[in-house]
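# Observations on the three-dimensional arrangement
Single-letter residue listing:
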Amino acid sequence: MNIQMLLYNPTKDRMLFMKEKTQVSIPSFITKPFHIAETKIINDYLLNEYQLQTNVVRCLDQNPNQRVYEVELLTPIFREDRHLVWSPPTCQENRTLLAQDQQWILNLWLTSQTSNVQWMQYGWRESVEDWIRQILMETKLEITQIRNWEKCSLYQVETEKDCYYIKAVPELFKHEPFVHLQLGDYTPQIFSIHKDVSMYVMKGLKGTLLGFSRQFNHWQETVSRMASVQKRYISGDLLTQVEVPVRPLTEVLSEQSLFIAMQMLEKEIPLNEYQLISSTIPEVQATVRTLLREMPLSLDHGDLFGGNVIVEQSIPYIIDWSDSSITHPFLSVVQLFNEVTSFFSEAAAEELLYYYLDFWTEYGSESQLKEEFHTIKKLEPVFYLIVHLLYIFPAFTENVEKDRIVREYCVQWTTHFQ
């Protein structure tokens, strides 16, 4: 993949160009594909190649073979040489000498509007650094940008003794820092929340992701901790002051919601796939009607898999509560059980299921609860696809993962309802 970088210093109105004989070009390098939000690979390249401290602002353009990133220069401009030129991006001489296949990139930058996402603007990195210094009261900090896209801004902060993470989320996910804070020992420690921009700082853990663990007890303890959180919510012990989105499964999969979502889905997938999914709507609605009425709503993580759990000293801590909502509790654990089946065996997943269901015996018999779980397992991709179509996708302008998310949930939907 070809990475093109528009490296700009807004204070001095200077952009970096590479000069070779009578032609100039925009800095670029070739690398293996990576997630569009990842920034370390870009900042590391500019540091190693040109000794520049930088901050990725946003991805301006992308296709399967090339991406264009807007990058902010954090350090003072270094001296020029015969191969490196700092000049105003509007400089007519450089625009004339710019390689033909890159002129559109500079024009794109010159004509693009400033993002309304705060962390995709110049100066954000400086404001983050000022805030964290006030919180930690540390003078020596090493700050590393980890991710930057519409869904969040993420930085790692290292002091002489400890490691921290700073995360900012958009309005749609403004409940995340408060959910995280109120869950206490179930998540990494929260030190402060910046309410104006839904930004928070949490303690970094030294453990490994659950997805890399093949110790069954780590998975069992994760399920136990998720169930404990959900039961505490039901008892009124958690989240009473937090506005978490309430999305009952019966409402998300109601006739009206399904009708609206299907109109949106028709524009996203081929006609034959749309017709196949449409034909399953009556079965989906009939399946919803079989759910236990006694089962209460509770906290759903929304994206609970091995990559969102950190195991430190055999204790799993659940992170990334952006997609959390109040809905059917069993939705949270479906993906975990799929991973247990893949990593261990069906027998191990069955054992873990009975262990989880034992937390819910006051709402049904063992056989009823098992049937309820398998019903939720069928409905899970339908539920999350509808949530994305109705609530998540409309909240963003780029939705760079939209095609993948829609495709994967549609495959699961048609697998479960045929």
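Located above this text is the structure these notes cover.
Parameters at a glance
- Residues numbered from 1 in each chain as written.
- Predicted model: local features only at pLDDT ≥ 70, side-chain atom pairs only at ≥ 80, totals over all residues.
- Heavy atoms only, no water.
- Helix = DSSP H or I, 4+ residues; strand = E, 2+ residues; numbered from the N terminus.
- Buried < 20%, exposed > 50% of the residue type's maximum accessible area, 1.4 Å probe, protein only.
- Polar contact = N/O pair within 3.5 Å; in protein donor to acceptor, adjacent residues only side chain to side chain.
- Contact = heavy atoms within 4.5 Å.
- Axes fitted to C-alpha atoms, helices over the stretch in contact; angles between N-to-C directions.
- Parallel < 35°, antiparallel > 145°, perpendicular 65-115°, else oblique.
- Left-handed = near helix turned anticlockwise from the far one by under 90°.
- Nonpolar A, V, L, I, M, F, W, Y, C, P; charged D, E, K, R; others polar.
- Salt bridge = Lys/Arg side-chain N within 4 Å of Asp/Glu carboxyl O.

### Here's the deal with the side chain of Ser322
On the secondary structure map, Ser322 appears in the loop between β16 (315-318) and β17 (325-327). Exposure remark for Ser322: the relative accessible area of 8% places this residue in the buried category. A distance of 2.4 Å separates a polar atom in the side chain of Ser322 from a polar atom in the side chain of Glu176. Excluding residues that lie within four positions of it along the chain, Ser322 makes contacts with Lys167, Val169, Phe173, His175 and Glu176.

### Some words on the packing of helix α13 (residues 366-392) against helix α14 (residues 402-416)
At their nearest, the axes of α13 and α14 sit 9 Å apart, and the two run at 150 degrees to each other. Our classification of the angle between α13 and α14 gives roughly antiparallel. Where α13 crosses over α14, the two elements pack in a sense that is left-handed. For the pair α13 and α14, the contacting residues are Lys377, Lys378, Glu380, Pro381, Val382, Tyr384, Leu385, Ile386 and His388 in the first and Ile405, Val406, Tyr409, Cys410, Gln412, Trp413 and His416 in the second. Classifying every residue of the contact of α13 with α14 by side-chain character gives 10 nonpolar, three polar and three charged.

### A few points about the pattern of salt bridges
For the structure on display, the rule yields 16 salt bridges. The salt bridge involving Lys140 is made with Glu160; its shortest N-O contact spans 3.7 Å. Linking Lys140 in the loop between α4 (124-136) and β8 (142-149) with Glu160 in the loop between β9 (152-158) and β10 (163-168), this pair joins segments that are 20 residues apart in sequence. Judged by its relative accessible area of 56%, Lys140 falls in the exposed class. Here Arg404 makes a salt bridge to Glu408, at a shortest N to O gap of 3.1 Å. With Arg404 and Glu408 both in helix α14, this residue pair falls four residues apart, about one helical turn. Judged by relative accessible area, which is 33%, Arg404 ranks as partly exposed.

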